[in-house]
Amino acid sequence: MDITANLDRFRIFYQVAKIGNITKASEILFISQPAVSMTIKNLEEELETTLFIRSKKGVTLTKAGEKIYKQLQNAFSYLAQINNIVEEENGLIKGEIVIGCGSHIARRVLVEPYKKFLNKYSNIKLIQTEYVQTKLVEQLKNGSIDLVITQYNGKYDDLYFMPITCQPYAFVTSPNCTNDRFITLTKGSYAQSLFDKFIEDYHLENKPYISVSGYNFALELALNGIGTTLVPYYLIEHYVKEGRLKIVYKDYPLPSVNFGYYFNPNLISRAAKEFIKYI
C-alpha cells in the first residue's frame, strides 16, 4: 500500500479517532458524514483490517486502529513542525489557523481580532472548532489545532497560557422554575468540574439532572424553567437585570476564572503567533 497516496484518508481517520464520533468529525473536517464513513470503509478495505468498532454512541478504535492512531499522532506532529519551518521561510502569504473555542467566548473575544487580522492577512484561513476543554487541549498538544481559548486550568504545565479576561460564575434559573433539576455540562469541561465539586460539597448526588454540551443550550433550558445551570456571569448579566433569570446558591463560594488562550510553544505556527497579537 502506498501510504503517501492515502494521506487524506489517514487525516480523516485520525480526526474520527480523536473525537470518537463520525458526525462530529465531519463537521470539523467540513466533509459530509456519508463521505467520512465511506473514506473509513475504503481505508479499512485497503488495509484489510477493521479500524473501528461501531455503536450507537460512536466509534471505538480496535487494537490495530489504536496502533495506527498512535503512529499518526507522531507523524502529524512532525508535519506541523515542517509546516512551521516553511511558514518561517515564506512569510504569512497563505495557510490556516485552527482555533479551539466555544461559541460563547468566541463572540466575546474573537470578532475584533478576526476583523483586524483578516484585513491584513486576507489569504490566511481561520477555522474555529468547538469541543470540551480536555479534547481541545489534547489536539493542541499533538499539533492538530493552533490555539485553545478557554478557562484557565492549572493542569497543563507543558502549555503556555495568556489571560484575556477574568469572569465569575453563577448558578441561575428562571424565576418561574418549580423543580430542583440541574442542567449540567459535558464531562471534561471546566464548568462541569466546578459543578461536580458543588454537588459533592452539598451532597446533591441524588438530584435529577440533564446534561448538555454547551452554555447556549443550558441557558435556553434555564430560561424556559427546565432547571438550574452554572455559567460565566457575563453570559447572564442582562437576563438577570431583565428579571428573566435569578441567581441561586449565592452563598456557595465560586471562583472567578481567567479566560485566555493556550498554545503549544513547540508547535505553534508563525501565522498563529501573528494572530495572537490581535487578541
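Remember, predicted model here, so these are calculated numbers, not experimental data. (Residues numbered from 1 in each chain as written. Predicted model: local features only at pLDDT ≥ 70, side-chain atom pairs only at ≥ 80, totals over all residues. Heavy atoms only, no water.)

1. Digging into the overall build of the protein
Definition in use: Secondary structure elements are defined from DSSP: runs of H or I of at least 4 residues count as helices, runs of E of at least 2 residues count as strands, and each element is numbered from the N terminus. Only protein chains enter the calculation, and the probe is 1.4 Å; a residue is then buried if its accessible area is under 20% of its type maximum, exposed if over 50%, and partly exposed in between. Residue contacts are counted whenever heavy atoms from the two residues lie within 4.5 Å of one another. In these tables, accessible area is a Shrake-Rupley quantity obtained with a 1.4 Å probe, and a residue counts as shielded only by the protein chains included in the view.
Looking only at helices and strands, the protein has 11 helices and 11 strands in total. Projecting the C-alpha coordinates of the protein onto the three principal axes gives extents of approximately 60 × 45 × 30 Å. Out of the 279 residues in the protein, the part that is buried amounts to 47%. Within the protein, contacts between residues separated by at least 24 positions form 74% of all contacts whose residues are at least 6 apart in sequence. Here the protein has roughly 15000 Å² of accessible surface; of this, 51% comes from carbon and sulfur atoms.

2. Things to note about the packing of helix H1 (residues 7-19) against helix H2 (residues 22-29)
Heads up, the rule is: Only the contacting stretch of a helix is used when fitting its axis, a line to C-alpha atoms as for every element, and angles between N-to-C directions run 0 to 180 degrees. Roughly parallel means an angle under 35 degrees; roughly antiparallel means over 145; roughly perpendicular covers 65 to 115; every other angle is labelled oblique. The crossing is said to be left-handed when, going from far helix to near helix, the turn is anticlockwise and less than a right angle, and right-handed when the turn is clockwise. Residue type decides the class: Asp, Glu, Lys and Arg count as charged, Ala, Val, Leu, Ile, Met, Phe, Trp, Tyr, Cys and Pro as nonpolar, and the leftover types, Gly among them, as polar.
The N-to-C vectors of H1 and H2 enclose an angle of 125°; their axes lie 8 Å apart at closest approach. The angle between H1 and H2 falls in the class oblique. Taken as a pair, H1 and H2 cross one another with a handedness that is right-handed. On H2, the residues that touch Ile12, Gln15, Val16 and Ile19 of H1 are Ile22, Lys24, Ala25, Ile28 and Leu29. A per-class count over the contact of H1 with H2 returns 7 nonpolar, 1 polar and 1 charged.

3. Here we look at the side chain of Thr165
Test applied: Under the rule applied, a polar contact is a pair of N or O atoms within 3.5 Å (in protein, one hydrogen donor and one hydrogen acceptor; residues adjacent in sequence only if both atoms are side-chain atoms).
Tracing the chain through its elements places Thr165 in strand E6 (residues 160-173). Side-chain polar atoms of Thr165 contact the side chain of Gln167, separated by 3.1 Å. Excluding anything up to four places from it in sequence, Thr165 contacts Val257, Asn258 and Phe259.

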